[in-house]
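Architecture and fold: a report
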Amino acid sequence: MNTMLDERVDELLEYVEEKCLWQFFSRAWDRQENIDGVLDQTANLLAGHAPRLATPMERLFYADAKIMVDDLHSRFPWISESGEAEIRQLLDGLKGRLVENVITKSTNRELNQHLY
Amino acid sequence: MSTCEMADVKSAEVTLAPKARAGVINPMYDCQPAGAQFAGIGVKDCIPLVHGGQGCSMFVRLLFAQHFKENFSIASTSLHEDSAVFGGKKRIEEGVMVLAKRYPELRVIPLITTCSTEIIGDDIEGTLRLCDRALKAELPDREIHLVPVHTPSFKGSQVTGYAECVKSLIKTLAKKGEPTGKLNVLTGWVNPGDITLLKHYFAEMDVAATILMDTEDFDSPMLPDKSIKTYGRTTVEDLRDTANAVGTLALARYEGAAAGEFLRDTHQVPHHPVSTPYGIKNTDDMLRKIQEITGKEIPESLVHERGIALDALADLAHMFFANKKVAIYGHPDLVLGLAQFCMEVELEPVLLLIGDDQGSKYKKDPRIAELKRTAHFDIDIVHNADLWELEQRIKDGLKLDLILGHSKGRYIAIDAKIPMVRVGFPTFDRAGLYRKPTIGYRGAMELAESIANAMFTHMEYTREREWILNTW
Amino acid sequence: MPMVLLNCDTDIPERQKHVYLKSPDDDPATCLPVANAPTIPGTLSERGCAFCGAKLVIGGVLKDAIQMIHGPIGCAYDTWHTKRYPTDNGHFNMKYVWSTDMKEQHVVFGGDKRLAQAINEAFDQMPDVKRMIVYTTCPTALIGDDVKATVRQVMRDRPDVDIFTVECPGFSGVSQSKGHHVLNIGWINEKVGTLEKEITSEYTMNLIGDFNIQGDTFLLQKYWDRLGIQVISHFTGNGSYDDLRSMHQARLSVVNCARSSGYIANELKKRYGIPRLDIDTWGFGYMTDGIRKICAFFGIEERGEELIAEEWAKWKPQLDWYKERLQGKRMAIWTGGPRLWHWTKAVEDDMGIEVVAMSSKFGHEEDFEKVIARGRDGTYYIDDGNELEFFEIVDLVKLDVIFTGPRVGELMKKMHIPYINGHGYHNGPYMGFEGFVNMARDIYNAVNNPLRFLAAQDIRDPLPLIMPERLREAA
């Protein structure tokens, strides 16, 4: 079970790496904010809930998440068959991997400069 | 009065003055280091090392690439902030060593300074001595000549920078030895097509010449073996032997004559400055001067070439060119030389724009004195000029039939709908001009024909007496 | 070892940290090239200076501002006639450049008076122009001219003009990139929020990091017009000085070139709460995603889908025609930085092209994170590549086409590799749907150029030249 989860997280990660510029914003806090914001919105949409659109940032995360959700549906048929808990688990896994890749283990020397 | 003597038809006014404004809008020239780089790439197995910010070499390489449609190797010491504070000595030392190690054929490195490094005040000569010692220690089998070239950008222009680098190369490398019987030829800033033509003249006259700088291969081929041969052909040995020549023929007053004076004063090489051979008479004078120095006859073949050119010019002059008003801008030797050429073919060079501030030198230029003697119309010579000066005068009502100048003024001609023929440097918006001579009999002929064709095209597009050409 | 020491770099082994050859099992933590680091002197690097990053790349694009360069003549001369960014007012930005033409006496006694004089003259000569950017250069920075004080004085004397000062001498930073940064941060600090413009649409955005190369901005503007989006400011393609003072009024910042202009988008987010949306405007897939995201943000998805459907119907068949004929062609991208990651996957997906080598002049590590995530295995990723490295890489990868600048392009020509201008384009625009068809067409024409086959032939060779029978088809 865990292996399949890992494999699916790998597939999702590959998709995000290839497609999503929001993971590579200039600073660690921006990356964290985007990863949390977009993936939370994604989980929300995948679960069939209405998007949260109260603030400009929520609208932004929705814009990125909406495209991602459409892509995930067309690329990974299994996503439509996954339950909300499973999706949450998948996206948490993805979040962990992304944080590791683009924040924790990234050797980008600018990530923690306090000014832009 | 003999028939071939020019008569003073009326006393026309020829004025010489700097532009009135302090700042520049649309410059005519680049700065000194750019000119120095152009001289430096004319040497074989040589990579100029520009001591300054990276833009000082990167853009100049781009400029050369635009004009010649070729790539040239020029290095930078990549001056960064720390060097601005602590001095750039280390950058020079590292740059020289990196170049020497990675380019095994390299024999000459001109170290070209810029505004920043002259202000910082790096001890160039001292640092190069250290570099020289380091090279001898690390690469004992190599002989690499380091040439200091001082070209702060806040003095002179690309014109003086070119002259300074030619002089520095000779100053560092020329060495007294056995006489070579060869003639040094300081060409000034010309095109590969001009170099080809000069070589042809020397071959026809059977004169052995050292071309400084030999840029003929700046027009270089695409070859089956993919080799790249785009580089200067003047060698270290050529430069060394400039001290042992029968004389120096300086074809450009502002672009290299200083090197001839140096050779005269230091190595007793006779110095023969002539007017740059634009037009028939200047070319005549040059060939006679070569004959005078070397004792070689001017051959029949050149009489023939001269005749071909005159024959072509005669078809154009009084029918199409007479009374046509011309503005010329560019290097001083080019502008003044082309003004003389214009007079020969009945064009009227009413506005001459020269882009730097050597005003006191221009006053003594014999070509300006000649224009004063011969012009039957008013001529404004503006020095320290920019291209806005030309644009503004046109907007203020100056009527022109032709503009002669380089590509950076293209929009003036385009907007004012005035025919323009590209001459000088750079001419990136026309194809292949670097291959064509502008000097010599052939240069005069080809330039006149380009002018005529530009006028003809203009007549046709504007329906301005285009029917004249219905039969010609 | 994922980082590669090329043969030509034996004597400068520190270059190994800048050259990466991607393979599938690499740990990302050990394979990010070091970037935005000092250049090694004498390497024949491709980099320019900070001043040019500010003037030539960003400020000089504006269609209605005088570009006053306080320094010796070369800095002005060299950053003029080197770009293809037209404007809708007759290319004022490409026609003119201004210099204080600093001379020795100004170095000795200070250049402030000269600057004031040149500024006043420029406004007098061009009375219709009321906006100006003043740039310092290496010498004016070194002698310590108080440029801002001079500019303040002029603005007091001439209440109808507005002037922005950029202090980034060529030696600051390690490349053009520093100049982008200084201009971005200076502008947000001093000019954003100083003018309110009329809002004509519910949907407002800034379009950041597109410089109207061969009309990119014009082409994209048609999309925004069709979507009913008001572009408050273009940073800076066909841009106007005053529009950029109103950037704070937009609801969204859309960023294409994150390298040159990401800073101002970050600051707009931090200071004004304007969200930053990064998109790619080159490529069908990317452009489609970009339009969808913008429309999703504003809640105008239907308009977006309509536009996308129309554009695809019109241009996709043409793109596919080229794609079929460009399958497996091998391409290199040697440009500034962002185009590496904008293009590598786009040309692969949309044209079937493999990008096998890429070099960036001024990209940061962030740019390499992006391009390595998107790029192929077996591809070289190089920071601040130099001439000898290029020769070696070309031998290693075998190319059908290269996107780079004119100078390197001339070098490649000698090696029978067709070049396309990766900065100014050959026959663009290249952005958007139509633009990507233009780009595909230029590549198709380049790789099928008969001359490169002819060049390979030695006429002394007894074997006759074998040319492909039909290089090209009617498009």
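Residues numbered from 1 in each chain as written. Chains lettered and ligands numbered in written order. Predicted model: local features only at pLDDT ≥ 70, side-chain atom pairs only at ≥ 80, totals over all residues. Heavy atoms only, no water.

1. What about the overall build of chain B?
Counting its regular elements, chain B contains 18 helices and 15 strands. Overall size of chain B, expressed as C-alpha extent along the three principal axes, is 75 × 50 × 50 Å. Every one of the 472 residues in chain B was classed for burial, and the buried ones make up 61%. Long-range contacts, defined as pairs at least 24 residues apart, comprise 76% of the intrachain contacts of chain B with a sequence gap of at least 6. As displayed, chain B offers around 18000 Å² of accessible surface, 50% of which is attributable to carbon and sulfur atoms. Taking the 55 positively charged and 65 negatively charged side chains of chain B as two groups, their mean positions are separated by 3 Å. (Helix = DSSP H or I, 4+ residues; strand = E, 2+ residues; numbered from the N terminus. Buried < 20%, exposed > 50% of the residue type's maximum accessible area, 1.4 Å probe, protein only. Contact = heavy atoms within 4.5 Å. Areas by Shrake-Rupley, 256 points an atom, 1.4 Å probe, with all protein chains shown as cover. Lys, Arg positive; Asp, Glu negative; His and termini not counted. Charge placed at Lys NZ, Arg CZ, Asp CG, Glu CD.)

2. A few points about the interface of chain A and chain C
Contact with chain A, which involves 28 residues of that partner, is made by 43 residues of chain C. Between chain A and chain C, roughly 3200 Å² of surface is buried when both sides are summed, and carbon and sulfur atoms account for 53% of that area. Scanning the region where chain A abuts chain C turns up 8 salt bridges. If you look at where chain A meets chain C, you find 15 residue pairs in polar contact (both at pLDDT 80 or more). Counting residues per element, the ones that place at least two in the side of chain A that touches chain C are α1 (2-19), α2 (28-46), α3 (56-75) and α5 (84-104) of chain A. (Buried area = accessible area lost by both parts, 1.4 Å probe. Salt bridge = Lys/Arg side-chain N within 4 Å of Asp/Glu carboxyl O. Polar contact = N/O pair within 3.5 Å; in protein donor to acceptor, adjacent residues only side chain to side chain.)

3. Some words on the sheet that holds strand β2 (residues 24-25) of chain B
The strands making up a sheet associate through backbone hydrogen bonding, with each pair oriented either parallel or antiparallel. Spatially, 5 strands are ordered β2(B)-β3(C)-β2(C)-β4(C)-β5(C) in an open sheet, and the strand pairing comes out mixed. Only two strands of the sheet have a single partner each, and these edge strands are β2 of chain B together with β5 (162-166) of chain C. By the bridge criterion, 2 bridges tie strand β2 (residues 66-70) of chain C to strand β3 (residues 98-99) of chain C in an arrangement that is parallel. When the bridges of β3(C) are listed, I69(C) appears paired with S99(C). Its contacts with the sheet place helix α5 (residues 112-125) of chain C against β2 of chain B together with β2, β3, β4 (131-136) and β5 of chain C, and it is angled at close to 160° to β2(C). (Pairing = 2+ DSSP bridges. Axes fitted to C-alpha atoms, helices over the stretch in contact; angles between N-to-C directions.)

4. Considering the side chain of S246(C)
Residues and elements named next belong to chain C. You can see S246 is positioned in the loop between α10 (241-245) and β8 (252-255). Exposure remark for S246: the relative accessible area of 0% places this residue in the buried category. In contact with S246, other than residues within four places in its own chain, are L195, E196, K197 and I232.

5. Looking at the packing of helix α1 (residues 32-40) of chain B against helix α7 (residues 158-173) of chain B
Residues and elements named next belong to chain B. Here α1 crosses α7 at 45°, and the two axes come no closer than 6 Å. Between α1 and α7, the crossing angle belongs to the class labelled oblique. Where α1 crosses over α7, the two elements pack in a sense that is right-handed. For the pair formed by α1 and α7, the contact residues are Q32, G35, A36, F38, A39 and G40 on the first element and Q158, T160, G161, Y162, C165, V166 and L169 on the second. Broken down by class, the residue content of the contact of α1 with α7 amounts to 7 nonpolar, 6 polar and no charged. (Parallel < 35°, antiparallel > 145°, perpendicular 65-115°, else oblique. Left-handed = near helix turned anticlockwise from the far one by under 90°. Nonpolar A, V, L, I, M, F, W, Y, C, P; charged D, E, K, R; others polar.)

6. With respect to the packing of aromatic side chains
How two aromatic rings sit relative to each other is set out by the distance from centre to centre and by the angle between their planes. Residue and element names in this part refer to chain B. Tallying each qualifying case throughout the model produces 43 aromatic pairs over all chains. Consider the rings of F38 and F218, whose centres lie 6.0 Å apart with planes at 75°: the pair is edge-to-face. On the criterion of sequence distance, the pair formed by F38 in helix α1 and F218 in the loop between β8 (209-212) and α9 (236-240) is long-range, its members being 180 residues apart. Relative to W472, the ring of F456 has its centre 5.5 Å away and its plane inclined at 70°; by these criteria the two rings are edge-to-face. (Phe/Tyr/Trp six-rings, centres within 6.5 Å; stacked < 30°, edge-to-face > 60°.)

7. Structural notes on the interface of chain C and chain B
In this assembly, 73 residues from chain C lie in contact with 76 residues from chain B. Each partner contributes to the roughly 6400 Å² buried at the junction of chain C and chain B, and carbon and sulfur atoms together form 62% of this total. At the junction of chain C and chain B, the tally comes to 5 salt bridges. Notably, a salt bridge pairs K155(B) with E104(C), separated by 3.6 Å at the nearest N-O pair. Our count for the contact surface shared by chain C and chain B stands at 33 residue pairs in polar contact (both at pLDDT 80 or more). Those elements that place two or more of their residues in the side of chain C that touches chain B are α1 (50-58), α2 (73-78), β3, α4 (104-109), α5, α6 (138-143), α16 (387-397) and α17 (406-414) of chain C.

8. Brief notes about the side chain of D217(B)
Residues and elements named next belong to chain B. For D217, the location among the structural elements is in the loop between β8 and α9. Within the structure, D217 has its side chain in polar contact with the side chain of R233 (distance 2.8 Å). Sequence-distant contacts of D217, defined by excluding residues within four places in its chain, comprise K229, T230, Y231 and R233.

9. Considerations on the pairing of strand β7 (residues 183-186) of chain B
Working note: regular strand, side chains alternate between the two faces of the sheet. Residues and elements named next belong to chain B. Across the two faces of β7 the burial is the same, with L183 and V185 and N184 and L186 all buried. Direction of pairing for β7 relative to β8: parallel, over a ladder of 4 bridges. By the bridge assignment, V185 is partnered in β8 with I211. Once you follow β7 into helix α8 (residues 192-204) and on to β8, the crossover reads as right-handed. Pairing analysis gives 4 bridges linking β7 to strand β9 (residues 247-250), with the strands arranged parallel. Residue pairing in the sheet places L183 in a bridge with G247 of β9. (Right-handed = clockwise from strand over helix to strand, strands pointing away.)

10. Some remarks on unusual backbone geometry
Here the bond from F235(C) into T236(C) is cis, since omega is 0°, no more than 30 degrees from zero. With respect to the element layout, T236(C) can be found in strand β7 (residues 230-236). In the segment running from G428(C) into P429(C), the intervening peptide bond is cis, with an omega of 5°. In this structure, P429(C) sits in the loop between β14 (419-421) and α18 (432-447). Unusually for a residue other than glycine, Q268(B) sits at a positive phi of about 55°. Mapped onto the elements, Q268(B) comes out in the loop between α10 (257-267) and β10 (271-273). Overall, the relative accessible area of 57% leaves Q268(B) in the exposed class. Non-glycine residue H416(C) carries a positive phi angle of around 65°. Positionally, H416(C) belongs in the loop between α17 and β14.

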